[in-house]
There are 2 protein chains.
Amino acid sequence: MGVHRCRKCAADSVINMPQHKLALCGEHFLAWVEKSTFDFIHKHRMFEPEDRVLVAVSGGKDSLSLWAILLKLGFHADGLYIDLGIDDGCGYSKRSVDYARKFAQSVSPAAELHVVDVGALYGKTVAELAARRAGGRKKLCSVCGLVKRHEMNRAARELGYPVLATGHNLDDEAAVLFGNTLRWEVEYLVRQAPVLPSGEHGLMKRVKPLARFYERETAAYAIVSNIDYIEEECPFSKGATSIRLKESLNSMEIGSPGTKLNFYFSFLRARKSGIFPGCERPALKACEKCGQATAIPGLCAFCRLTDPEIASGRENDGQEGLPGLENASETDISRL
Amino acid sequence: MGVHRCRKCAADSVINMPQHKLALCGEHFLAWVEKSTFDFIHKHRMFEPEDRVLVAVSGGKDSLSLWAILLKLGFHADGLYIDLGIDDGCGYSKRSVDYARKFAQSVSPAAELHVVDVGALYGKTVAELAARRAGGRKKLCSVCGLVKRHEMNRAARELGYPVLATGHNLDDEAAVLFGNTLRWEVEYLVRQAPVLPSGEHGLMKRVKPLARFYERETAAYAIVSNIDYIEEECPFSKGATSIRLKESLNSMEIGSPGTKLNFYFSFLRARKSGIFPGCERPALKACEKCGQATAIPGLCAFCRLTDPEIASGRENDGQEGLPGLENASETDISRL
């Protein structure tokens, strides 16, 4: 930092991006990120100026930067914080929501923050829901992902936002792509994209407007913009495969700047050009309990996870498969 | 080593293979490698007991192990050494061929070694051929690969071997796959397999019987079998992308044993199941000079590289593209 000069104004740069052969000062870096995000949104037809967008915020650099950028670009963007009840001994979720609230106050009344408290709504935190299942941390991360996807979609649907935006950056996307490629999981590969279209039964459109930025770029955006964000990663992410995947890609990136960018975008081009035929998404059904879209008949994975009767049945017989659906109780679920 | 006991006989093991959850003593390890190679050859229909096989040997652990294994399994396997004239100041190619010759003597008269001297045949070593082109080491590696493929095929064809076998191990194959995946080079991905079939105009079948073994397994095979091999890598390989790709995959492997194996074999399954449509190999033509199969009309890449007139024309106009084919001289080429 500071060694290179800004390409635009020759001031000291705050960031050098070898993959773009581009160094920029603070002011021009912010403008570059915002313009690039706008172009990316436009190119991938993520949403239009008149659309209300719900931004899933975690209190971290990516999602708060995303929210800030969308507001700066003049979009109507509100925030959604899903309180997963994660506690590292000093209230990780509680501290995270404080960052989201603080940011929301700084942009009020132009934007508002919605908060979903999973523990209050469903009687158990994510860690408690995951504890019912074998598999340790890996299972916890997958349960957490399931809960977030379900609740994000429900919130967007019930609050009337046609589009959900998440703060996934290029390092996230490239790591997921790398993981799926290491196992050649074609059914996952075919569905990875910066835009996941809406579908039947209230499946909302999901978009990733920051998918073209490296993690260090979204971090730089937050820092240069004076956005206060939670710096610690989720306490459960230690040793996660995603971190090793990122490290592995980063070591390739150091030897050859642009590796991650090329990996993701050459994949998107190959995907668009029609590799992976015959991997169409199965027709979606409505969950018999929550009504949201699901690929499996009867109850969706989230309702099977959170239903007390099914959960206790699973505990008793130790099965991981589909529980008997006729046992599913039709209890009411609190809404936002 | 030595900490685990052999799965078969409870003796001290010489190798533990976490990806297979298998530790074996020297004797049972050799038997396991040989049996696994036989099964792999059979499963992928590489060749039949009556086929004469030409093994491309470099003097390294993989190719000499391959030759030894094929002979042990009772196949009729002869060796081919291509002297590329690589000199690291102490005669890398000269030292390498000595290892190949020494092994050949140990198996004579059951098998014989053919040697092709590129410098003597074409008037220039690989380094001299590559020096005509811009691009440094990367270009040298690509020229070297081109020369080896051309000369291997020519030797097999002229000496009457229907099958060429190379010593590529899983680390080699996984690294190439990773490199092609990082750029999503679909036209290369579609052609990566342990068996490359024969084709028109004398394109010989090429097989990789060791593609299921980790590099440390082929090294262990050579060591346990007392095969003397050249330990140094090619002096030009320093800093090669292939080495970084291998390191990157190795770091994933440490965290999750079997990563490389799953990466390669899940790819082969996905490839077989018909991803990558519309990427058929273009119809091959016969090179107007050497008569070997080529995808480009006129002269093949090897003949354009080695033809003195074309080469000097390229030097003069500095073009990297196809030179004017009407200028190609029809000089005679020495044969094996």
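Here goes a summary of the coordinates provided. The shown structure was predicted, so the numbers you read here are calculated from the model rather than taken from an experiment.

## Describing the side chain of threonine 294 of chain B
All names here are of chain B.
Part 1 of the reasoning: As for its placement among the helices and strands, threonine 294 is situated in strand β10 (residues 293–294).
Part 2 of the reasoning: Owing to a relative accessible area of 6%, threonine 294 belongs among the buried residues under this scheme.
Part 3 of the reasoning: If sequence neighbours within four positions are ignored, threonine 294 has contacts with Leu284, Lys285, Ala286, Cys287 and Cys300.

## A word on the packing of aromatic side chains
Part 1 of the reasoning: The final tally for this structure, using the stated rule, is 22 aromatic pairs over all chains.
Part 2 of the reasoning: Pairwise contacts between aromatic rings join Phe178 and Phe263 of chain A together with Phe178 and Phe263 of chain B into one cluster.
Part 3 of the reasoning: Positioned over the ring face of tyrosine 161 of chain A is arginine 52 of chain A, at 4.1 Å from the centre of the ring.
Part 4 of the reasoning: The ring of tyrosine 214 of chain A has lysine 260 of chain A sitting right over it, with the charged end atom 4.7 Å from the ring centre.

## Comments concerning unusual backbone geometry
Glycine aside, negative phi is the norm for most residues, and most peptide bonds take the trans geometry.
Part 1 of the reasoning: Each neighbour pair has its own omega, and for serine 108 of chain A with proline 109 of chain A the value is 5°, a cis peptide bond.
Part 2 of the reasoning: Along the chain, proline 109 of chain A turns up in the loop between α3 (92–107) and β5 (113–117).
Part 3 of the reasoning: Phi angles above zero are rare outside glycine, and arginine 45 of chain A is one such case at about 50°.
Part 4 of the reasoning: Phi is positive for lysine 21 of chain B, which is not a glycine, with a value near 50°.
Part 5 of the reasoning: Residue position: lysine 21 of chain B is located in the loop between β1 (15–17) and β2 (22–24).

## Quick word on the interface of chain A and chain B
Part 1 of the reasoning: Facing the 26 residues of chain A at the interface are 26 residues of chain B.
Part 2 of the reasoning: Considering only the side of chain A, the residues that lose the most area to chain B are Leu182, Trp184 and Met252 of chain A, jointly responsible for 35% of the buried surface there.
Part 3 of the reasoning: Applying the counting rule to chain A against chain B returns seven residue pairs in polar contact (both at pLDDT 80 or more).
Part 4 of the reasoning: Elements supplying a minimum of two residues to the side of chain A that touches chain B: α7 (170–182), α8 (186–189), α10 (241–255) and α11 (259–272) of chain A.
Part 5 of the reasoning: When residues of the side of chain A that touches chain B are assigned to their parent elements, the largest contribution, seven residues, is made by α10 of chain A.
Part 6 of the reasoning: Of the residues in the side of chain A that touches chain B, the class split is 15 nonpolar, nine polar and two charged.

## As for the packing of α10 of chain A against helix α10 (residues 241–255) of chain B
Part 1 of the reasoning: The N-to-C vectors of α10 of chain A and α10 of chain B enclose an angle of 165°; their axes lie 9 Å apart at closest approach. What the angle tells us is that α10 of chain A and α10 of chain B run roughly antiparallel. Considering how the two elements wind past one another, α10 of chain A and α10 of chain B form a crossing that is right-handed. Taken together, the residues of α10 of chain B that come into contact with α10 of chain A (itself represented by Arg244, Leu245, Ser248, Ser251, Met252 and Gly255 of chain A) are Arg244, Leu245, Ser248, Ser251, Met252 and Gly255 of chain B.
Part 2 of the reasoning: Of the residues in the contact of α10 of chain A with α10 of chain B, the class split is four nonpolar, six polar and two charged.

## Overview of the side chain of aspartate 171 of chain B
Part 1 of the reasoning: Inspection of the secondary structure puts aspartate 171 of chain B in helix α7 (residues 170–182).
Part 2 of the reasoning: Setting aside its immediate chain neighbours within four residues, aspartate 171 of chain B contacts Phe213, Tyr214, Glu215, Lys246, Asn250 and Lys260 of chain B.

## Some details on the pattern of salt bridges
Residue and element names in this part refer to chain A.
Part 1 of the reasoning: In total, this model carries 34 salt bridges over all chains according to the counting rule given.
Part 2 of the reasoning: Residues lysine 246 and glutamate 215 are paired through a salt bridge, measuring 3.3 Å at the closest nitrogen-oxygen approach. Taken together, the residues span a long stretch of sequence, with lysine 246 in helix α10 and glutamate 215 in helix α9 (residues 215–224) at a distance of 31 residues.

## Here we look at the relation of the copies chain A and chain B
Part 1 of the reasoning: Relative to chain B, chain A is turned by 180° and slid 0.0 Å along the rotation axis, the superposed coordinates differing by an RMSD of 0.0 Å. Here the copies are linked by what is in effect a two-fold axis. No C-alpha of chain A approaches the rotation axis more nearly than that of serine 248 of chain A, which lies at 2.6 Å.
Part 2 of the reasoning: Mapped onto chain B, 100% of the interface residues of chain A again fall at the interface, so both copies present the same surface.

## Description of the packing of helix α2 (residues 61–72) of chain B against helix α3 (residues 92–107) of chain B
Residue and element names in this part refer to chain B.
Part 1 of the reasoning: In contact at an axis separation of 11 Å, α2 and α3 are set at 10° when each is read in the N-to-C sense. Between α2 and α3, the angle is such that the two are roughly parallel. Residue-level contacts link Leu64, Trp67, Ala68 and Leu71 of α2 to Tyr99, Ala100, Phe103, Ala104 and Val107 of α3.
Part 2 of the reasoning: A per-class count over the contact of α2 with α3 returns nine nonpolar, no polar and no charged.

## A look at α3 of chain A
Part 1 of the reasoning: For α3 of chain A, with 16 residues, the first-to-last C-alpha span of 23 Å sits near the 22 Å given by 1.5 Å per residue.
Part 2 of the reasoning: Check the buried side of α3 of chain A and you find it contacts α2 (61–72), β4 (76–83) and β5 of chain A.

## Overview of the pairing of β4 of chain A
All names here are of chain A.
Part 1 of the reasoning: Among the eight residues of β4, seven are classified as buried, and the element is accordingly described as predominantly covered.
Part 2 of the reasoning: Alignment of strand β3 (residues 52–56) against β4, held across five bridges, turns out to be parallel. What sits directly across from leucine 54, in β4, is aspartate 78.
Part 3 of the reasoning: One crossover worth recording links β3 to the parallel β4 by way of α2, and it is right-handed.
Part 4 of the reasoning: Here β4 runs beside β5; their pairing, made up of five bridges, is parallel. The partner of leucine 80 across the bridge, within β5, is histidine 114.

Rules of the game
- Residues numbered from 1 in each chain as written.
- Chains lettered and ligands numbered in written order.
- Predicted model: local features only at pLDDT ≥ 70, side-chain atom pairs only at ≥ 80, totals over all residues.
- Heavy atoms only, no water.
- Helix = DSSP H or I, 4+ residues; strand = E, 2+ residues; numbered from the N terminus.
- Buried < 20%, exposed > 50% of the residue type's maximum accessible area, 1.4 Å probe, protein only.
- Contact = heavy atoms within 4.5 Å.
- Phe/Tyr/Trp six-rings, centres within 6.5 Å; stacked < 30°, edge-to-face > 60°.
- Lys NZ or Arg CZ within 6 Å of the ring centre and 35° of its normal.
- Buried area = accessible area lost by both parts, 1.4 Å probe.
- Polar contact = N/O pair within 3.5 Å; in protein donor to acceptor, adjacent residues only side chain to side chain.
- Nonpolar A, V, L, I, M, F, W, Y, C, P; charged D, E, K, R; others polar.
- Axes fitted to C-alpha atoms, helices over the stretch in contact; angles between N-to-C directions.
- Parallel < 35°, antiparallel > 145°, perpendicular 65-115°, else oblique.
- Left-handed = near helix turned anticlockwise from the far one by under 90°.
- Salt bridge = Lys/Arg side-chain N within 4 Å of Asp/Glu carboxyl O.
- Least-squares fit on C-alpha atoms with pLDDT ≥ 70 in both.
- Expected span 1.5 Å × (residues − 1).
- Pairing = 2+ DSSP bridges.
- Right-handed = clockwise from strand over helix to strand, strands pointing away.

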